[in-house]
Structure formats: C-alpha cells, structure tokens
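# Residue-level structural notes
Listed below are the residues making up each chain.
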Amino acid sequence: MKLEDEIKQTKFKNEYQKLAINLIFTGNWLNAKSSEFLKQFGITVQQFNVLRILRGQYPKPATVSLIIERMLDKMSNASRIVDKLLLKKLAERKVCSEDRRCVDVIITDKGLKLLSNIEEKESVLNREFKSLSIKEAQDINRFLDKLRG
C-alpha cells in the first residue's frame, strides 16, 4: 500500500522528506510485525536480537559492551534485556576469568533451542517480503547501505 494511503497525507515538502517518513513508517511496520510474530515464543524483538548476538559468539561468551555494540536498536537497555533473558534461563551470566570487573554472558542450550524453533517458523514473517524479487531485495539493501554512507 502506498505511504500516502497509509498515513493519509498526500503532500510532502520533497522526495527526501517523503523517503525519511517512508523509512520510519516501514521500520515501525516491520518492527510491529516482528513483535507480533515473536510474541508466540515469549520474547521481544530486542531479546531476539541479543540471543542472536550470543549465538554468534557461542561457545565464547560476550560482554554487555559487545552486545551493545552489535545491537540493531542502539537505544535499548542491553543490561535490562540480558536480565530478562537470565530470568527466562535463555542466557547465563558469569564473572569474566580475565577481568573480575567484567561480566560474561553466554547463551544456554534452552536459548539455542528457542532460536532454532523460531527460525523454523521464520518463513511466516518473511512472507511480508513476498512482493519483492531477490534482485529488488538486493537493490534495496544496496540503497540502504548507500544511504547510511
């Protein structure tokens, strides 16, 4: 559906303003779809992001600062998200052996199984992109990379 129809606005200052609004609107749309999908697994988009970061480090642990550096949403409170994952037993926290002031976080077997289960059903979420060809997806990725410099 066209942006103008979605937000009931027909005039924009220029195409750059429309692009900015379109990107924000589309990002929020995708985030809402992702949140709805992940709700069935009892986790948030941010928790899913942290679990994927931890799995990428596995079997090595990650520090909270490494998690923050790699998170998609830089405004998220990584420490609070890690605490939620600990409560759900999806991650464990250990004192770093090299620097006792640091805390290491590692994904648990339960966290790994949850990610595997989510990814088995992720095609449901990816249906949102069915209107795009692979070439179009590649082009959009290239344009977004170019936009960010």
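Relevant structure appears above.
Read on for a plain summary of the structure. Position numbers for residues start from 1 in each chain and track the written sequence from start to end. For a predicted model such as this one, the threshold for reporting local features is a pLDDT of at least 70, and the threshold for listing and counting side-chain atom pairs is 80 or more; totals across whole chains, interfaces and linings nevertheless cover every residue. Excluding hydrogens and water, the side-chain figures rest on all heavy atoms present in the structure.

### Things to note about the layout of surface pockets
Keep this limit in mind: Cavity and pocket criteria rest on a 1 Å grid covering protein atoms alone: a 1.4 Å probe that fits but cannot get out defines a cavity, protein on both sides within 12 Å along at least 5 of 7 lines defines an open pocket, and an atom within 4 Å of a point defines a lining residue. Grid points are joined across faces, edges and corners, and a volume is the space filled by probe spheres set on the points. Strands here mean DSSP runs of E at least two residues long; helices mean DSSP runs of H or I at least four residues long; both are numbered from the N terminus. In this classification, Asp, Glu, Lys and Arg are treated as charged, Ala, Val, Leu, Ile, Met, Phe, Trp, Tyr, Cys and Pro as nonpolar, and every other residue, Gly included, as polar.
The space that makes up the largest pocket amounts to roughly 1800 Å³. Every residue lining the largest pocket is counted, 40 residues in all, and those nearest its centre are T26, G27, L30, F129 and L144. Elements that contribute at least two residues to the lining of the largest pocket include exactly helix 2 (15-39), helix 3 (45-57), helix 7 (123-126) and helix 8 (134-147). A total of 13 residues in the lining of the largest pocket trace back to one element, the largest contributor, which is helix 2. The class makeup of the residues in the lining of the largest pocket is 21 nonpolar, eleven polar and eight charged. Around the second largest pocket, the lining residues are M1, K2, L3, E4, E6, K18, N22, F25, T26 and W29. Secondary-structure elements contributing two or more residues to the lining of the second largest pocket are helix 1 (3-7) and helix 2.

### Some details on the nonpolar core
What counts here: We define a nonpolar core as any set of buried Ala, Val, Leu, Ile, Met, Phe, Trp, Tyr and Cys residues linked to one another through side-chain atoms lying within 4.5 Å. To sort residues, take the accessible area from a 1.4 Å probe on protein chains only and compare it with the maximum for the residue type: under 20% means buried, over 50% means exposed, and anything in between is partly exposed. The contact rule is simple, with two residues in contact once any of their heavy atoms fall within 4.5 Å.
Of all hydrophobic cores here, the largest spans 27 residues; its most connected members are L38, I43, V50, L51, L54, I67 and I118. The biggest single contributor to this core is helix 3, with six residues. Every residue in contact with L51, bar those within four places of it in the chain, is listed here: I43, L85, L90, I107, L114 and L115.

### A closer look at the pattern of salt bridges
What counts is decided by this rule: Any carboxyl oxygen of Asp or Glu that lies within 4 Å of a side-chain nitrogen of Lys or Arg is treated as forming a salt bridge with it.
All chains considered together, the criterion is met by nine salt bridges. In this structure, E128 engages K33 in a salt bridge whose closest nitrogen and oxygen atoms are separated by 3.8 Å. Highlighted residues: E128 in the loop between helix 7 and helix 8 and K33 in helix 2, separated in sequence by 95 residues. With relative accessibility at 33%, the residue K33 sits in the partly exposed group. The partner of D145 in a salt bridge is R148, with the nearest N and O atoms 2.6 Å apart. The exposure class assigned to D145 is partly exposed, which follows from its relative accessible area of 44%. Relative accessible area serves as the criterion here: at 64%, R148 is assigned to the exposed category. Residues joined by salt bridges that share partners form a network here, namely K135, D139 and R142.

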